[in-house]
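Examining the three-dimensional arrangement
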Amino acid sequence: MPSDRRAVSTLRVTCMRFGQKVHPLNFDYGNSLFVLGDSAHLAGNSFRLQIRCEEITGCCTRLSFDNANVADKRQYSDAIIEACREGRSISPALDEGVCFQTRSSTIVIGPARLHIRMATGAVLETTEDGIGINGEQFLLNFRMGGASGFYGFGERTRRLNKHGDSLDFWNVDVVAAFPHTYDRDDYDPAYVAIPFAIIKTGTVYTGVYFDNPDRAIIDIGKIRSGQWLYQSMGGNTQVYLINGPRLRDVVRGFTELTGRAEVPPVWSIGYHQCRWGYRSEADFIALKEHFKRHDIPVSALWYDIDYMDGYRLFTWDREDFPDPAVLNNELKEAGIRTVTIMDPGVKLERGYPVYDSGKAEDVFCKAVSGKEYVGRVWPGDTVFPDFTLEAARDWWAAWLAKFLSENAVDGVWLDMNDPATGFSAAEDMRFANGQLPHAKYHNQYAHYMAKASREAFAKLDPRARPFLLTRSGCTGTQRYSAIWTGDNASNWKHLRMAIPSTLNLGLSGVVFNGPDVGGFMGHTTAELLIRWYQAGFLFPFFRNHSVWNSKSQEPWQFNPQCLAYVRETVVTRYRLLPYLYQCFFVHYLSGDPVLRPLLYDYDGKEFEDLDDQFLVGDSIMVAPILEGEEQGREIMVGGRKCQVRHIVLPPGWWFDLNQGEWLEGNRILQYAAGLEEVPLFVRDGSIIPYYNGPIRNSFITLQEIELHIFSKQRPARLAYFIDDRETRDYQAGRYGTAQIDARVDDGEINVGITEAGDYETGTVNFRPVLYGYQGQWKAVTAVNGKLQTRSCTVQTRSWVCKHLSVLA
Ligand code: MIG
């Protein structure tokens, strides 16, 4: 590559400012159009643009925009899974423009406009100056039309519906770049870039995914009212159109293209305890004892950066941790797994074997000068593995695999991979031995780090299930890792914001995600902590984490009441682990998220902006209390202070687990909840698999399962997936399905369980429990045709608060 071009592209990226858009008036728009071969060609005064159309699947079409001004036309994105990269080319027809017809869409292109009609009838259409080019920059200006809901977009702050919002897709270490975020919830920068829009028009949804790893903007009616637009700052963009009509059709289609999360190890969906500040063996032993003494289950303890020797990767501070393998095995014997943090930055230090071997194998990113790119992070001067190189991934995976096995560590936590480079501008970091400018891989740096780390687990045992958590990521990162939503703050706004944040990530394919429970920055309070556990205890990822200079926020740090209420939420999570496990299994098979907005099942207008309550899987609705400490409406009920909130109860019947009664839906409730209560509802027709045995941290076999049956007007049903819960064999089809049907008749409940599929039958024992009825009930259960009759437990109120005497 000529050196002058290198210099120009470096200049371009370093001049770029986060959040700045390009005014649509800066773009040139086409004035002529012709067809050549299978492509439409569009020309303006300053550009030529070739547009191709391919059918990817029956519900997905790809439009490739190839701008002659783009210096490097290769597609660097790793978003689309291998199997979906090749499409069937569609030949254009001439019909008032150039027309492409696929099974799921009809696309008409004019010199400067684009008109898309999906098979569902949904129309996406640009303005007359709809397709713009400004050098390498590319713009699509869409008319808002009747669109009223915009969802997805990866990890975002603010609200669920992005109508009226403006979004930047450029991963940053949010707090380092925007220190004011502590008490605000209206900032945009994020750690994860997924430029995926789910558009709701009337009751029909359409997905539009813009595949380009470079920086992009999606502005939805903020720059120009009545329009929404996509801008990419460099490289070429491929646009994937995903047919609805339902929200679930779009989400399933998108995850078919970009991949799904593997079913996680069961321990990783338990409760996690972390804090930046646990710094010695004694701290970890003390934590183990505290959890035991306070009777709170915990599946993993986390090591933040203080375990390392001078922040050197793959080392331990041997004074504080004389024998980490012994410590970690001791924890494991108590059912507690361990996870260590890994930053990408390698200390630049001759004689440090990780640096020396990386240098010898030439795996580090370069600057434009051809020298190693040097940043300044925790260990001081640092170099950064170029995870885009296979050789670097191998090198990293070998170090990581050795570290995990020698130290008996179970999971990895990938931080600072936005990438955070401290004092040095990240834009000077180049890839592929210095040949590629930063922007090609900036948003994918964490993704490739996760891919490399995932390979370490495969080296250790390809059949085992890995656990990884990453801060940054991009489209498709769910294939390798879970994501947490980064440095939030201990305040009510951030608690509130965690819900839409997690929901939009889930709609964008990253279902295994969650916030720092209790808030990372600042001091949490007992009331905030209780409400945060209640809101978060059924989130896919459930970890309490906080920063070193904040008040400690383990469950026992406040008062006995706080401890008791928090304990109820954590215990209830373990009771519902079979249910959560099923949710992850369903995601793997279908793409449905674990946590879902109500829109997933109900498309009325009243659900469009509803993001302070949510569904967990098919059956549970949580409407947590998100206000407290004198905010919101507080009332006294029978001498107890309660917080009152609106709850939208969707159509049908719902069982209120606090009151122990059926409520008819399709209305708004004013619901009062005491500090110990979290409003929880189960949908009529549900069967919830529930674990009622003893709980010892991560030791849980899921072999004894209660079937909690909620049937008012609808018979209850569940497809329950059974596999070994340990290996990845389910991916080769080694799992069975138990079809469970329950009918509630007069004094008798009939349950049919039929197992089928590629798994041994009878490995799980099911026992029915009935809700919402009174008196003596008999359960007639037919398991694979064999009849059993026994008395059936009838429950009213249950789950959270079950053991609290305060309610008696
Ligand atoms: O510069 O490792 O988001 O969870 O505790 C801060 C220390 C680096 C940022 C992560 C946070 C973690 C912290 N890290």
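Anyway, here's the lowdown on the structure attached to this text. (Residues numbered from 1 in each chain as written. Predicted model: local features only at pLDDT ≥ 70, side-chain atom pairs only at ≥ 80, totals over all residues. Heavy atoms only, no water.)

Moving on to the site of the ligand. Of all residues adjacent to the ligand, which total 13 residues, the nearest are D304, D415, R471, D487 and H545. D304 is positioned such that a nitrogen or oxygen atom in its side chain is 2.5 Å from an oxygen atom of the ligand. At 2.7 Å, a side-chain N or O of D415 approaches a nitrogen atom of the ligand. For the ligand, whose free accessible area comes to 350 Å², the fraction covered by protein is 92%. Here the shell around the ligand is built from residues that sort into eight nonpolar, one polar and four charged. (Near = heavy atom within 4 Å. Polar contact = N/O pair within 3.5 Å; in protein donor to acceptor, adjacent residues only side chain to side chain. Areas by Shrake-Rupley, 256 points an atom, 1.4 Å probe, with all protein chains shown as cover. Nonpolar A, V, L, I, M, F, W, Y, C, P; charged D, E, K, R; others polar.)

Another aspect to go through is the sheet that holds strand β27 (residues 411-414). As a general point, the strands of a sheet are linked pairwise by backbone hydrogen bonds and lie either parallel or antiparallel. As summarised here, the arrangement of the nine strands in space is β31-β30-β28-β27-β23-β22-β21-β33-β32, forming an open sheet in which the pairing is parallel. This sheet does not close on itself; its edge strands, each paired only once, are β31 (513-514) and β32 (516-517). Where strand β28 (residues 468-470) meets strand β30 (residues 482-484), two bridges bridge the pair, whose relative direction is parallel. Looking at the pairing, T470 lines up with I483 of β30. (Pairing = 2+ DSSP bridges. Helix = DSSP H or I, 4+ residues; strand = E, 2+ residues; numbered from the N terminus.)

Right, let's get into the packing of helix α10 (residues 526-536) against helix α11 (residues 560-575). Between α10 and α11, whose axes approach to 9 Å, the crossing angle comes to 10°. It follows that α10 is roughly parallel to α11 by the angle criterion. Of the residues in α11, those in contact with A526, L529, I530, Y533, Q534 and G536 of α10 are C562, Y565, V566, T569, V570 and R573. Of the residues that constitute the contact of α10 with α11, the class distribution is eight nonpolar, three polar and one charged. (Axes fitted to C-alpha atoms, helices over the stretch in contact; angles between N-to-C directions. Parallel < 35°, antiparallel > 145°, perpendicular 65-115°, else oblique. Contact = heavy atoms within 4.5 Å.)

Turning our attention to the nonpolar core. Generally speaking, nonpolar side chains in soluble globular proteins are found buried as a group. One finds M342 and W799 to be the most contacted residues of the largest nonpolar core, which totals 216 residues. Counting residues per element, this core draws most heavily on helix α7 (residues 390-407), which supplies eight residues. Apart from the residues within four sequence positions on either side, W799 is in contact with E568, T572, L576, I620, L657, L680, V682, I688, Y690, H708, F710 and Y771. Formed by 42 residues, the second largest nonpolar core is a distinct cluster that contains L63, F65, A193 and I199. (Core = buried A, V, L, I, M, F, W, Y, C linked by side-chain atoms within 4.5 Å. Buried < 20%, exposed > 50% of the residue type's maximum accessible area, 1.4 Å probe, protein only.)

Turning our attention to the sheet that holds strand β38 (residues 640-649). Read from one edge of the open sheet, three strands run β37-β38-β41, paired in antiparallel fashion. Looking at which strands have only one partner, the edges of the open sheet turn out to be β37 (633-637) and β41 (667-674). Geometrically, the sheet is characterised by an average inter-axis angle of 40° between neighbouring strands, direction not taken into account. Sheet analysis places β38 next to β41, joined by eight bridges and oriented antiparallel. Directly across from V648, in β41, lies its bridge partner I668.

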